[in-house]
Amino acid sequence: MAVNLTDLSLPQLEGLKTQLDQEIEFLTSSIGQLKVVQTKYVEAKDSMNVLNKNNKGKELLVPLTSSMYVPGTLNDVENVLVDVGTGYYVEKNVEDSKTFFKRKIDFLTKQIEKVQPALQEKHGMKQAVIEVMNVKIQQLQQNQPSSPMVGPTKA
């Protein structure tokens with residue numbers, strides 16, 4: 001059911017604008033979260049390039065936390081443990097891991113592309129509501145008689 005914006009009162013338009021602001025904030029946040037996860041997968045896929053025969057046996061730092069590391073040696077350059085979600089890890093070879101990460105990146109890209117048009121549509125709707133509100137405010141100001149200056153004036 002389509003509603004003509006010009007038929008709505010200013011308080012109704014304000015409520016609609018508030019609702020659109022909330023929806024825009026939600027969609028923007030969703031896109032941001034998808035991009036964060038996508039970036040993690042891109043970094044994971046790119047880090048697979050370190051796993052080659054030339055680096056076998058090299059020393060490296062293994063993270064225990066985000067700020068604490070222990071020294072280690074790279075022994076297996078052909079297999080990795082991949083976090084597939086909800087705390088499950090699967091051993092995969094390097095090529096399968098790259099394919100897995102590419103698939104995840106592509107999926108997230110498609111999800112972002114699905115949300116983007118909805119966000120643009122909400123922005124357009126919000127702009128239309130603001131324009132109608134401005135017209136109504138101008139009409140109200142024009143319909144109010146201008147009040148004469150009160151108090152004595154000195155010439």
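Residues numbered from 1 in each chain as written. Predicted model: local features only at pLDDT ≥ 70, side-chain atom pairs only at ≥ 80, totals over all residues. Heavy atoms only, no water.

Worth spelling out the cut-off: UniProt positions are given in the numbering used here, feature names are shortened, and annotations may be inferred rather than shown by experiment.
The chain is annotated in an unreviewed UniProt entry as Prefoldin subunit 5 from Eleginops maclovinus. Quoted straight from UniProt, the Sequence similarities (unreviewed entry) entry for the chain says "Belongs to the prefoldin subunit alpha family." UniProt, in its Function (unreviewed entry) section for the chain, records the words "Binds specifically to cytosolic chaperonin (c-CPN) and transfers target proteins to it. Binds to nascent polypeptide chain and promotes folding in an environment in which there are many competing pathways for nonnative proteins. Represses the transcriptional activity of MYC."

## Notes on the environment of Gln38
Inclusion rule: Secondary structure elements are defined from DSSP: runs of H or I of at least 4 residues count as helices, runs of E of at least 2 residues count as strands, and each element is numbered from the N terminus. Relative accessibility under 20% of the residue-type maximum defines a buried residue, over 50% an exposed one, and the middle range a partly exposed one, all with a 1.4 Å probe and only protein chains included. In this analysis, two residues are considered to be in contact whenever any of their non-hydrogen atoms come within 4.5 Å of each other.
Tracing the backbone through its elements, the reader meets Gln38 in helix H1 (residues 10-47). Residue classification places Gln38 among the buried positions, given a relative accessible area of 17%. When the C-alpha atoms of Gln38 and Lys136 are compared, they prove to be 44 Å apart, with 98 residues separating the residues in sequence. Discounting residues that sit within four places of it in the chain, Gln38 has contacts with Ile105, Leu108, Thr109 and Ile112.

## Re the layout of surface pockets
We count it as follows: Buried and open spaces are told apart on a 1 Å grid over the protein atoms alone, a cavity being a set of points where a 1.4 Å probe fits but cannot get out and a pocket being an open set with protein on both sides within 12 Å along at least five of seven lines. Residues with an atom within 4 Å of a point are the lining residues. Grid points are joined across faces, edges and corners, and a volume is the space filled by probe spheres set on the points.
Considered as a void within the structure, the largest pocket measures approximately 460 Å³ in volume. In this structure, the largest pocket is lined by 18 residues; those nearest its centre are Ser47, Met48, Leu51, Val80 and Leu81. Breaking the lining of the largest pocket down by element, the ones donating at least two residues are H1, strand S1 (59-65) and strand S3 (79-85).

## Some words on the pattern of salt bridges
Two side chains carrying opposite charge are able to pair once their charged atoms lie near each other. We count it as follows: By definition, a salt bridge exists where a carboxyl oxygen of Asp or Glu is found within 4 Å of a side-chain nitrogen of Lys or Arg.
Applying the stated criterion to the full structure yields five salt bridges. Put simply, Lys122 and Glu23 hold a salt bridge, and the shortest N to O gap is 2.6 Å. With Lys122 in helix H2 (residues 94-143) and Glu23 in helix H1, this pair connects stretches of sequence that are 99 residues apart. When its relative accessible area of 24% is taken as the criterion, Glu23 is described as partly exposed. For Lys102, the salt bridge is made with Asp106, and the minimal N-O distance between the two is 2.9 Å. Of this pair, Lys102 and Asp106 both sit in helix H2, separated by four residues, roughly a single helical turn.

## Focus on the nonpolar core
The cut-off we apply is this: We define the nonpolar core as a collection of buried residues of types Ala, Val, Leu, Ile, Met, Phe, Trp, Tyr and Cys that are connected through side-chain atoms lying within 4.5 Å of one another.
Ranked by size, the top nonpolar core spans 12 residues in total: Tyr41, Met48, Leu51, Leu74, Val77, Val80, Val82, Val94, Phe100, Phe101, Ile105 and Leu108. With five residues, the single largest contributor to this core is H2. Dropping the residues within four chain positions of it, Val94 is found in contact with Met48, Leu51, Val77 and Glu78.

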